Amino acid sequence: MGEANCSRKLVVEICNAKNLMPKDGQGTASAYVIVDFDGQRRRTKTKFRDLNPQWDETLEFLVQDPESMASEILEINVYNDKKTGKRTTFLGKVKIAGSTFVKSGSELLVYYPLEKRSVFSQIKGEIGLKVSYVDEAGTAEPEKAAAEEKKPDDAAVEPSEQKTDDAAAPPVPTEEKAPEKEEEKKADEENKEAADQKPAEPPKDEKTEEASAAATPPAEVENPPVAHTEKAMQQKEKTDTEKLPDLGVSDLELRSLAGDRGRSAYDLVDRMPFLYVRVVKAKGANCEGESSTYAKLVIGTHSVRTKSKSDKDWDQVFAFDKEGLNCTSMEVSVLVEKKDGENTTETSIGTVSFDLQEVPKRVPPDSPLAPQWYTLEGSPGTDVMLAVWIGTQADEAFQEAWQSDSGGLIPETRAKVYLSPKLWYLRLTVIQTQDLQLGSGPEAKPKGPSELYVKAQLGAQVFKTARTSVGSTIPTWNEDLLFVAAEPFEQFLVMTVEDVTNGQPVGQAKVHVPSLDRRTDDRTEPKSRWFNLVGDEKQPRYAGRIHVRACLEGGYHVLDEAANVTSDVRATSKQLAKPPIGLLEVGIRGAANLLPVKSNDGTRGGTADAYVVAKYGPKWVRTRTILDRFNPRWNEQYTWDVYDPCTVLTIGVFDNGMYKKDDAGKAGRDVRMGKIRVRLSTLDTNRVYTNSYSLMVVLPGGSKRMGEIEISVRFSCSSWLNLIQAYGSPILPRMHYVRPLGPAQQDILRHTAMRIVTARLARSEPALGQEVVQFMLDSDTHVWSMRRSKANWFRLLGWLSRAATLARWLDGIRAWVHPPTTILMHVFLVAIILCPHLILPTVFMYVFFIIVLRLRYRRRALLNVDARLSYADAISADELDEEFDSFPTTKSIDQVRQRYDRLRILAGRAQTLLGDVAAQGERLEALFNWRDPRATGLFVVFCLLASLAFYAVPFRAFVLGWGFYYLRHPRFRGDMPSLPLTFFRRLPSLSDQIL
């Protein structure tokens, strides 16, 4: 149990099922549900002859260890009840991870599709569930729940006994194992004996608690537990760990942060030796007046001091990069700092020296080194408590220690983990308004009908409905407005009815966002509500009322990054979350040959203070900043849970400019130095990729190579079946397909989500800069760029070149360029005509061999951002200036006119291409609408003759004859276009009707 005075119950409400597979031989099914959780089993009643049963039953389970509930699995099995005594049939199952359980009051009705038990199972339908947990105070509730869970032997009978003794009870599925039944009987007998020996003792541990529960006569419950044939799970060992505070973050994200498995292993990076010095406190030194003491550490040219405190209790840890030390000894001094007005005097009490070659080494999971008292030289009565050891960056003291390679305790240079805010779509449906008080204020009532629209505002987001006229009918819209809401939510959604005629608002109403209904699918429609409109905030008056429907959509995934490089496709609602299919481990090793980014106080040519940001899903990681090094070594390792293999990891390198402030106290901006992307689907599972990648960035002055970054990546997956199943499931959640969003609307919402994420991360401490987040999220992909347009155009040409290569190959066969190949094609054509059933097997076998032979040419190294594909090297200065121009533009009129003329030339070419494509379709349509009566008449006659010919000539003979005709020798072929092509080109199009 989590605590002695708190117990937890899991509440599972079995609501209904839909569209079940008929399994009783009569076109129906008699379904019941069996629920298993943590060694406990419950079942529902049977709904006879109903493919859409409605149970509405609540089942309760005792959570034995609340801290490990997230790792448990709730399994729901649906069976068809056969009263004839035959084997029960399986109707489907659902497995729900414990990490998706929510507190009571936050649960939603979620429909889960029923899954197959094996490949050959015939399963369909879905089941509606509500799953939540309840924390109860006191010790009486757990004892009562345990007493209800343990039943006497006559209640926990086997399925075979139920068939004969209890005819009214539905049978339990017979897929249970006999050995497990015998073990359960033995366990029940042992419980009975224990209950007879100690019937009155209070429960001290798990065994005595079960014994007392067995001795107590069970109370009647609405859903009695069915005999479970598996062994009862043993009580998990309790660990003395602190409970994580409720930070408003999902359990999945907390597990990914708190249980950073890569932190204990550090097997993807090199171990970096650090000298750790923990200065705890001192005793014996007398401080008089306004004096304070501090400790000073000196190692060669390195000198650092603790904070000054009057109580001599510092408890600070210092980590020195061992490779950067230039001395073999260390001195620790204790000094007294006295203040006399504005003057400050420092007096050394004593010093203790250490030989660094004698310092012990510590490697986790060894326990921390205990500090010891050392007597200061020159002050026999004064001692200082220290601990000195050699460790690595895997030491648990490293994260909070003063670090020599990152500037000490500067917050902006520390390694941090950030979480993107949880985003929801807020759907507001404006239905209608009534009793509007138009022109009742100081403004005169307008003559004639008024035009109204509704404006809704959530934070900085403003959307408007279409205009409607106010006449004899009630103003009605029935229009949906979608917003992006982030937790914690904005307090109110403000709706304002605007009168277009006089330009004045009629009234406004506010909707409390945190209290809105949340839904996971479109099966449940939120309730509509009426809100009173208030005219003026200074002098509130009734201005009518508005009818709206508002809810938070949890069934969508809110895109906050470019769709082609997305790293997360999960639905917003926690109840729709699926267990992870794998683990992504990234080791950020170091960088090499970085270019200087900023000047170093004018004393040298420049310097680089580099750090790395990695983003996957909602989790962002930021390494520590290595100051003033062109070849920094971070050697930090991080992990992410993977829910979909077709996602992308983004890693960016930046120069830290925020830790330095100018004369006005304003922090600088971080400078981007390049990024790489890793698509997880291109990785082999359980394999380590260690490579160096070139960092390239496009700047207003041109593209520049900023250096190289070395990383290690490993994608681990324990179940191949789950990984393969992910390729057959839809990419986005169900709501994106049943109620899809338009491309333009999706693009607006995506950029809104980007702005929200950028603003939230910029408010963190230390802040993740706006320029960093925008660069990682590719927020400028929608901006016009000549370079990107060229890249996409040549990507299309590259794809079409494959078709052109195939056409040239066929033309070469027709031209008898290589006679043996042409003869083989004739033989192949005859074989296909004589054995048409071999066409598809031959094609697929040919494709199989081609792809398998190409496996040996597969690139094993990870693909990086391609500068040649991006056309970053072949770009003019004017095109670069246009790409980085702000919107709206700030350039001169002549420069804008020049770019506009260039854009007009490109648009003219695209316009001609579109007209040519449209003309081909219009010519084909002209065959059927008699625009050219002679051409259509010829086509009709041809169709009649072709139908008569195909009645007389077998289709195989036609294909064989056409094939030989197509492959005829060039001496039998003319140079002019073919007759069908000439006829098609003569057909009319609508081009002559364009002005």
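No experiment lies behind these values; they were computed from the predicted model shown. (Residues numbered from 1 in each chain as written. Predicted model: local features only at pLDDT ≥ 70, side-chain atom pairs only at ≥ 80, totals over all residues. Heavy atoms only, no water.)

## Quick word on the overall build of the chain
Assigned secondary structure in the chain consists of 18 helices and 37 strands. Looking at the chain residue by residue over its 995 residues, the buried ones come to 43%. Put simply, the chain shows about 54500 Å² of open surface, and 55% of that area lies on carbon and sulfur atoms. (Helix = DSSP H or I, 4+ residues; strand = E, 2+ residues; numbered from the N terminus. Buried < 20%, exposed > 50% of the residue type's maximum accessible area, 1.4 Å probe, protein only. Areas by Shrake-Rupley, 256 points an atom, 1.4 Å probe, with all protein chains shown as cover.)

## Focus: the sheet that holds strand β16 (residues 372–375)
The strand order across the open sheet built from five strands is β16-β17-β10-β13-β18, with neighbouring strands paired in mixed fashion. Strands at the two margins of the open sheet, each flanked by one partner only, are β16 and β18 (402–403). In terms of strand pairing, β16 meets strand β17 (residues 383–391) through four bridges, oriented antiparallel. What sits directly across from Y374, in β17, is V384. (Pairing = 2+ DSSP bridges.)

## Digging into the environment of C551
Inspection of the secondary structure puts C551 in strand β29 (residues 542–553). The exposure class assigned to C551 is buried, which follows from its relative accessible area of 2%. Each residue touching C551, except ones within four places of it in the same chain, is listed here: Y425, L426, R427, D517, R519 and P526. (Contact = heavy atoms within 4.5 Å.)

## Some words on unusual backbone geometry
Residue E487 is joined to P488 through a cis peptide bond whose omega torsion reads -10°. Cis geometry marks the peptide bond from E765 to P766, where omega comes out at 0°. Tracing the backbone shows P766 in the loop between α9 (743–762) and α10 (770–777). Positive phi values are uncommon outside glycine, yet N593 reaches one of about 55°. Given a relative accessible area of 54%, N593 falls into the exposed group.

## What about the packing of aromatic side chains?
Counted by the stated rule, this structure contains 20 aromatic pairs. Judged by centre distance (5.3 Å) and plane angle (55°), the ring pair of F320 and W402 falls under tilted. Of the two residues, F320 sits in strand β13 (residues 313–321) while W402 sits in strand β18, which places them 82 residues apart along the sequence. Per residue, the accessibility class of F320 equals that of W402, and both read buried. Linked through ring pairs, F274, Y276, W389 and F398 together constitute an aromatic cluster. The ring of W640 is capped by K619, whose NZ or CZ atom sits 5.5 Å from the centre of that ring. Residue placement shows R814 over the ring face of Y966; its charged tip is 4.3 Å from the ring centre. (Phe/Tyr/Trp six-rings, centres within 6.5 Å; stacked < 30°, edge-to-face > 60°. Lys NZ or Arg CZ within 6 Å of the ring centre and 35° of its normal.)

## A look at the nonpolar core
Among the nonpolar cores identified, the biggest contains 38 residues, and L584, W640, L649, I651 and I709 are the most heavily contacted of them. Sorting the residues of this core by element identifies β30 (582–592), β31 (610–616), β33 (633–642), β34 (648–655), β35 (671–679), β36 (688–699), β37 (702–716) and α7 (720–728) as the ones contributing at least two each. Considering each element in turn, this core owes the most residues, five residues, to β37. Core analysis: the next-biggest nonpolar cluster, separate from the first, contains 34 residues, L59, F90, Y112 and L129 among them. (Core = buried A, V, L, I, M, F, W, Y, C linked by side-chain atoms within 4.5 Å.)

## Considering helix α16 (residues 933–952)
In an α-helix, one turn spans 3.6 residues; hence positions three or four apart end up facing the same way. Over its 20 residues, α16 extends 29 Å from the first C-alpha to the last, a length consistent with the 28 Å expected when each residue adds 1.5 Å. Buried within α16 are the following residues: A935, T936 and A946. Along the axis of α16, the buried residues cluster in a sector spanning 90°; they form a single face. Facing away from the buried side of α16 by over 90 degrees, the exposed positions are R934, L938, L944, L945, L948, Y951 and A952. Next to the buried residues of α16 lie α15 (893–926) and α18 (979–985). (Expected span 1.5 Å × (residues − 1). Arc of directions from axis to C-beta.)

## Remarks on the confidence of the model for the chain
One rule of thumb: low pLDDT means the predicted coordinates there are not for detailed reading. Of the residues in the chain, 83% have a pLDDT of 70 or more, and the chain-wide mean is 80. Throughout residues 139–264 the model reports pLDDT below 50, and contacts reaching past four residues in sequence, or to other chains, amount to 166 contacts. (pLDDT = per-residue confidence, 0-100.)

## A look at the environment of A608
With respect to the helices and strands, the residue A608 is situated in the loop between β30 and β31. In this structure, the C-alpha to C-alpha distance between A608 and P632, residues 24 residues apart in sequence, is 9.4 Å. Beyond its immediate chain neighbours, meaning those up to four positions away, A608 contacts L595, I626, L627, D628, R629, F630 and D655.

## Details of the pattern of salt bridges
Scanning the model with the defined rule gives 36 salt bridges in all. Between D270 and R633 there is a salt bridge, with its nearest N and O atoms 3.9 Å apart. Of this pair, D270 sits in the loop between α6 (261–265) and β10 (274–283) while R633 sits in strand β33, and the two are 363 residues apart along the sequence. Notably, a salt bridge pairs R519 with E525, separated by 3.7 Å at the nearest N-O pair. Because the salt bridges share partners, they merge into one network encompassing R427, D480, R519, E525, E553 and R739. (Salt bridge = Lys/Arg side-chain N within 4 Å of Asp/Glu carboxyl O.)

## Points about the packing of α9 against α10
In contact at an axis separation of 9 Å, α9 and α10 are set at 145° when each is read in the N-to-C sense. In terms of crossing hand, the pair formed by α9 and α10 is right-handed. Counted together, M754, V757, T758 and L761 of α9 and Q770, V773, Q774 and L777 of α10 form the full contact between these two elements. Taken together, the residues of the contact of α9 with α10 break down into five nonpolar, three polar and no charged. (Axes fitted to C-alpha atoms, helices over the stretch in contact; angles between N-to-C directions. Left-handed = near helix turned anticlockwise from the far one by under 90°. Nonpolar A, V, L, I, M, F, W, Y, C, P; charged D, E, K, R; others polar.)

## Considering a nonpolar patch on the surface
There is a patch of nonpolar side chains on the surface, built from W793, F794, L796, L797, W799, L800, L913 and V917 and spanning about 810 Å² of accessible area. The set of elements that each furnish at least two residues to the nonpolar patch consists of α11 (786–814) and α15. Counting through the fold element by element, L913 comes out in helix α15. (Patch = residues over 30% accessible without salt bridge, like charges linked within 9 Å, V, L, I, M, F, W, Y side chains within 5 Å.)

## Quick word on the pairing of strand β12 (residues 302–305)
One ladder, built from four bridges, connects strand β11 (residues 291–299) with β12; its direction is antiparallel. Looking across to β12, one finds that I299 is bridged to H302.

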